[in-house]
Amino acid sequence: MAVSEALQAFAARLGHDFAAPELLIEAVTHGSASNPARANNQRLEFLGDRVLGLVMAEALLDADPDAPEGQLAPRFNALVRKETCAQVAREIGLGEVQRLGRSEMMSGGRRKDALLCDAMEAVIAAVYTDAGFQAARDLVVRLWGDRIARVESDARDAKTALQEWAQGQGKAPPAYIEVGREGPDHAPVFTIEARLEDGRSARAEAGSKRQAEQAAARALLKDVGA
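K.L.:
Would you mind going over the overall build of the protein in detail, with residue names and values included?
P.N.:
Along the backbone of the protein there are 12 helices and 3 strands. Taking the principal axes of its C-alpha atoms as reference, the protein extends roughly 65 × 45 × 25 Å. Out of the 226 residues belonging to the protein, those deemed buried represent 44%. Nonlocal contacts in the protein, meaning residues at least 24 apart in sequence, comprise 55% of its contacts between residues at least 6 apart. Side-chain charges of the protein comprise 28 positive and 34 negative groups, with the mean position of each set lying 5 Å from the other.

Below, the structure written as structure tokens:
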């Protein structure tokens, strides 16, 4: 099956030479662009989610043989969550080669975390199906890079940590206020302020309220020295 130059370049960035290039085409084809003659990536995404989970569970156990399950679980969640998968996808230019229907193209589908995450998992499954688990494992470990080593800080729930710190100081829980929203509906940017009852505050921007709240909480934790 013929593969476009853009997909060939993408495969080169992945570092995988597909024996069955139709798997890569399927992996980057969103449901909005599929038809009876062209499969979409939903089935591969289902498989890739499981492959990614196994690779990450194994990598975390290898990285910290003494860590209990209670520490491993939040680290695992931080590595496989939608936002992390989407970030990795952006780093390798996956959005640029996604095949989307007109409606998704018009609504900014190439930038959506959910679509990027699904496509990233589908690509992992495509490599797994094409060349086996070791090839998929090598790909994931390389693409996730030092995220695995620094996952302890990434896994920290900043909002919970800030609330616990405030309670330990005898203060009320922090408030989170939306102080700004910019951009189109399909790609908004939220500005959230985390504020303590004594007036100390910090602001952060992100593409979702949840991400912005977490970022603001992390900034405020740093400011108060917690």
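Further notes follow.
K.L.:
Describe the sheet that holds strand β2 (residues 189–195), listing the residues and the values that go with them.
P.N.:
Here 3 strands make up an open sheet; going across it, the order is β1-β2-β3 and the pairing antiparallel. Only two strands of the sheet have a single neighbouring strand rather than two, namely β1 (175–182) and β3 (201–206). Pairs of neighbouring strands in the sheet enclose a mean axial angle of 20°, with direction left out of account. With 7 bridges connecting them, β1 and β2 associate as antiparallel partners.

K.L.:
Explain the packing of aromatic side chains to me, using residue names and the numbers behind them.
P.N.:
This model, assessed by the stated rule, comprises 0 aromatic pairs. The positively charged end of Arg 50 is found above the aromatic ring belonging to Phe 46, 4.0 Å away from the centroid.

K.L.:
Requested: an account of helix α12 (residues 209–224), with residues and values cited.
P.N.:
The first and last C-alpha atoms of α12 sit 22 Å apart over 16 residues, in line with the 22 Å expected at 1.5 Å per residue. Considered for burial, the residues of α12 that qualify are Ala 212, Glu 213, Gln 214, Ala 216, Ala 217, Leu 220, Leu 221 and Val 224. Tucked into the core, α12 has its buried residues touching α11 (158–168), β1, β2 and β3. Positive backbone phi, approximately 75°, marks Gly 225, located one or two places after α12.

K.L.:
Can you tell me about the state of the cysteines, naming the residues and giving the values?
P.N.:
Applying the stated criterion across every chain, the model contains 0 disulfides. Cys 117 supplies the cysteine sulfur nearest to Cys 85, a cysteine that is in no disulfide, at a spacing of 3.9 Å.

K.L.:
Which residues make up the confidence of the model for the protein, and what values do they have?
P.N.:
Low pLDDT means the predicted atomic positions in that stretch should not be read closely. Summary statistics for the protein give a mean pLDDT of 90 and a share of 96% for residues scoring 70 or more. Mean pLDDT across the elements of the protein ranges from a minimum in helix α10 (residues 151–155), with 67, to a maximum in helix α9 (residues 133–144), with 97.

K.L.:
Tell me about the nonpolar core, residues and numbers included.
P.N.:
Counting residues in hydrophobic clusters, the biggest one holds 47 residues, and the most contacted among them are Phe 10, Leu 94, Met 120 and Trp 144. Elements supplying a minimum of two residues to this core: α1 (5–14), α2 (21–27), α3 (42–63), α4 (69–80), α5 (82–91), α6 (94–97), α8 (113–131) and α9. When residues of this core are assigned to their parent elements, the largest contribution, 10 residues, is made by α8. By size, the runner-up hydrophobic cluster in this structure holds 14 residues, among which are Ala 158, Ala 161, Trp 165 and Leu 220.

K.L.:
A description of the environment of Gly 108 should follow, citing residues and the corresponding values.
P.N.:
With respect to the helices and strands, the residue Gly 108 is situated in the loop between α7 (102–106) and α8. Among the residues examined, Gly 108 registers a relative accessible area of 6% and is labelled buried. Gly 108 sits 78 residues away from His 186 along the chain, and the two C-alpha atoms are 6.2 Å apart.

Thresholds, definitions, all that
- Residues numbered from 1 in each chain as written.
- Predicted model: local features only at pLDDT ≥ 70, side-chain atom pairs only at ≥ 80, totals over all residues.
- Heavy atoms only, no water.
- Helix = DSSP H or I, 4+ residues; strand = E, 2+ residues; numbered from the N terminus.
- Buried < 20%, exposed > 50% of the residue type's maximum accessible area, 1.4 Å probe, protein only.
- Contact = heavy atoms within 4.5 Å.
- Lys, Arg positive; Asp, Glu negative; His and termini not counted.
- Charge placed at Lys NZ, Arg CZ, Asp CG, Glu CD.
- Pairing = 2+ DSSP bridges.
- Axes fitted to C-alpha atoms, helices over the stretch in contact; angles between N-to-C directions.
- Phe/Tyr/Trp six-rings, centres within 6.5 Å; stacked < 30°, edge-to-face > 60°.
- Lys NZ or Arg CZ within 6 Å of the ring centre and 35° of its normal.
- Expected span 1.5 Å × (residues − 1).
- Disulfide = S-S within 2.5 Å.
- pLDDT = per-residue confidence, 0-100.
- Core = buried A, V, L, I, M, F, W, Y, C linked by side-chain atoms within 4.5 Å.

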